[in-house]
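Letter by letter, the chains look like this.
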Amino acid sequence: MPFAPAALLGCGVLTGAGAVLNSANVRQGETVVVMGAGGVGMNAVSGARLAGAGRIIVTDIEDGKLERARAFGATDVVNSRTSDPVEAVRELTGGGADHVFDFVGARPVTAQGFQMLGRGGGLYLIGIAGTDAGIDVSALSALTYSQKVQGVYMGSSHLKRDIPFYASMYLQGRMNLDDLVSQEIALDEIDAGYEALKDGTTARVVVTDLLR
């Protein structure tokens, strides 16, 4: 396996794909919403494809990221800056999603994620945007519709099992990691690499050399 995509297996892939496959245990035909089309969110899309999800909806505020999400397997994308994401998801899913994954972690976004759930649905908290991250849950809604909220750390992963599995999926052409590598840099370009991450179109920057 090439070094650059292999370097991604240790964090973003484990967290994103693992949230879908391990924490939520997404089943074939179920509906999935991925909130946040960054590098980790794209791995959740890949995980949803591997699980056989029937519909994979990605929400974000940047059209460029949403376009990239389609390349990873999103069946639908929603720009939450220009449209109501809750209304859009409920319309696309016919009443609400089975699984919603929050990779943003901002309180208003997390609240929207809970509102996107259908009966028996689960909201999975992965991203943390700040110290005020959290959610106020309606106990009546959670009880009436059997909904749940679950925190996820590192995709509930088992390293010796999951890393070889994802590597195998990549080598079989079933998992897109190449398009996550936006740049390859040398270690002495690390400052420029951090600057590149401020660009919303950059997914991951990988150090592959010591010096240029």
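What you see as residue numbers is a count from 1 along each chain, following the sequence as written. Totals for whole chains, interfaces and linings use all residues, but because this is a predicted model, local features are given only for residues with pLDDT of at least 70 and pairs of side-chain atoms are given and counted only at 80 or more. Based on all heavy atoms of the structure, the side-chain values leave hydrogens and waters out of the count.

**Student:** Account for the overall build of the protein, naming residues and giving values.
**Tutor:** Here a helix means four or more residues in a row that DSSP labels H or I, a strand means two or more in a row labelled E, and each is numbered from the N terminus. When helices and strands are tallied, the protein shows nine helices and eight strands. Scaling as 2.2 N^0.38, a compact globule of 212 residues should have a C-alpha radius of gyration of about 17 Å, and the protein matches this with 17 Å. Principal-axis analysis of the C-alpha atoms places the extent of the protein at approximately 60 × 35 × 30 Å. Per-residue accessibility, obtained with a 1.4 Å probe over protein chains only, is compared with the maximum for each type, and a residue is labelled buried under 20%, exposed over 50%, and partly exposed between these values. For the protein, the residues scored as buried account for 46% of the 212 residues in total. Sequence separation of 24 or more characterises 65% of the internal contacts of the protein that already satisfy a separation of 6 or more. For the protein, the exposed area adds up to about 10,300 Å²; of that, 51% sits on carbon and sulfur atoms. In this tally, Lys and Arg are treated as positive and Asp and Glu as negative; His is ignored, and so are the chain termini. A single reference atom marks each charge: NZ on Lys, CZ on Arg, CG on Asp, CD on Glu. Where the 17 positive side-chain charges of the protein centre and where its 23 negative ones centre are 8 Å apart. Using C-alpha atoms as the atom set, the radius of gyration is obtained and then compared with a globule rule of 2.2 Å times the number of residues to the power 0.38. Here, two residues are considered to be in contact whenever any of their heavy atoms come within 4.5 Å of each other. Values of accessible area rely on a 1.4 Å probe in the Shrake-Rupley scheme; residue burial ignores everything except the protein chains shown.

**Student:** Outline the side chain of Thr 59, supporting the account with residue identities and numerical values.
**Tutor:** Looking at the element boundaries, Thr 59 is found in strand 2 (residues 55-60). Among the residues examined, Thr 59 registers a relative accessible area of 4% and is labelled buried.

**Student:** Would you mind going over the sheet that holds strand 2 in detail, with residue names and values included?
**Tutor:** The pairing criterion for strands is at least two bridges between them, as found by DSSP. Taken in spatial order, the six strands of this open sheet run 3-2-1-4-5-6, and their pairing is parallel. Edge positions in the open sheet fall to strand 3 (76-79) and strand 6 (148-151), since each of these has one partner strand only. If you compare each strand with its neighbour and ignore which way they point, the axes differ by 20 degrees on average. When strand 4 (residues 97-102) meets strand 5 (residues 117-125), the two strands line up parallel, connected through five bridges. Helix axes use the C-alpha atoms of the stretch in contact, all axes being lines fitted to C-alpha atoms, and the angles between their N-to-C directions lie in the range 0 to 180 degrees.

**Student:** Hey, could you go over the pattern of salt bridges for me, with residue numbers and the actual values?
**Tutor:** Any Lys or Arg side-chain nitrogen located within 4 Å of an Asp or Glu carboxyl oxygen qualifies as a salt bridge. The tally for this structure, following the rule as stated, stands at four salt bridges. As a salt-bridge pair, Arg 55 and Asp 76 come within 2.7 Å of each other at their nearest N and O atoms. In this pair, Arg 55 sits in strand 2 while Asp 76 sits in strand 3, placing the two residues 21 residues apart along the sequence. For Arg 55, a relative accessible area of 29% translates into the label partly exposed. Classification of Asp 76 by relative accessible area gives buried; the value is 13%. Put simply, Lys 198 and Glu 195 hold a salt bridge, and the shortest N to O gap is 3.0 Å. For Glu 195, a relative accessible area of 47% translates into the label partly exposed.

**Student:** I'd like a description of unusual backbone geometry, backed by residues and values.
**Tutor:** With a phi close to 55 degrees, Ser 146 is a non-glycine residue in the positive phi region. One can find Ser 146 in the loop between helix 7 (139-144) and strand 6. Residues other than glycine seldom take positive phi values, yet Met 154 does so here, at roughly 50 degrees. Looking at where Met 154 falls in the secondary structure, it is placed in the loop between strand 6 and helix 8 (159-171). Residue classification places Met 154 among the partly exposed positions, given a relative accessible area of 26%.

**Student:** Which residues make up the pairing of strand 2, and what are the values?
**Tutor:** Summarising burial for strand 2: five of the six residues are buried, a large majority. Pairing geometry for strand 1 (residues 31-35) and strand 2, over five bridges, is parallel. Within strand 2, the residue paired with Val 34 across the bridge is Val 58. A crossover gets the label right-handed when its path from the first strand over the helix to the second runs clockwise, viewed with the strands pointing away from the viewer. Chirality of the crossover, the property in question, places the unit of strand 1, helix 3 (residues 39-51) and strand 2 among those that are right-handed. In this structure, strand 2 lies alongside strand 3, joined through four bridges in parallel fashion. By the bridge assignment for strand 3, Val 58 is matched with Val 77. Taking the sense of rotation as the criterion, the β-α-β connection linking strand 2, helix 4 (residues 63-72) and strand 3 turns out right-handed.

**Student:** Any chance you could break down the packing of helix 3 against helix 4 for me, citing the residues and the numbers?
**Tutor:** Relative orientation of the contacting elements helix 3 and helix 4 amounts to 30 degrees, with a least axis distance of 9 Å. In terms of orientation, helix 3 lies roughly parallel with respect to helix 4. Two packed elements cross with a definite hand, and for helix 3 against helix 4 that hand is right-handed. Taking contact as the criterion, the partners of Met 42, Val 45, Ser 46 and Arg 49 in helix 3 are, on helix 4, Arg 68, Ala 69 and Phe 72. Should an angle fall under 35 degrees it is taken as roughly parallel, and over 145 as roughly antiparallel, whereas 65 to 115 is taken as roughly perpendicular and any remaining angle as oblique. Here is the rule for handedness: rotate from the far helix to the near one, and if that takes an anticlockwise turn smaller than a right angle the crossing is left-handed, while a clockwise turn gives right-handed.

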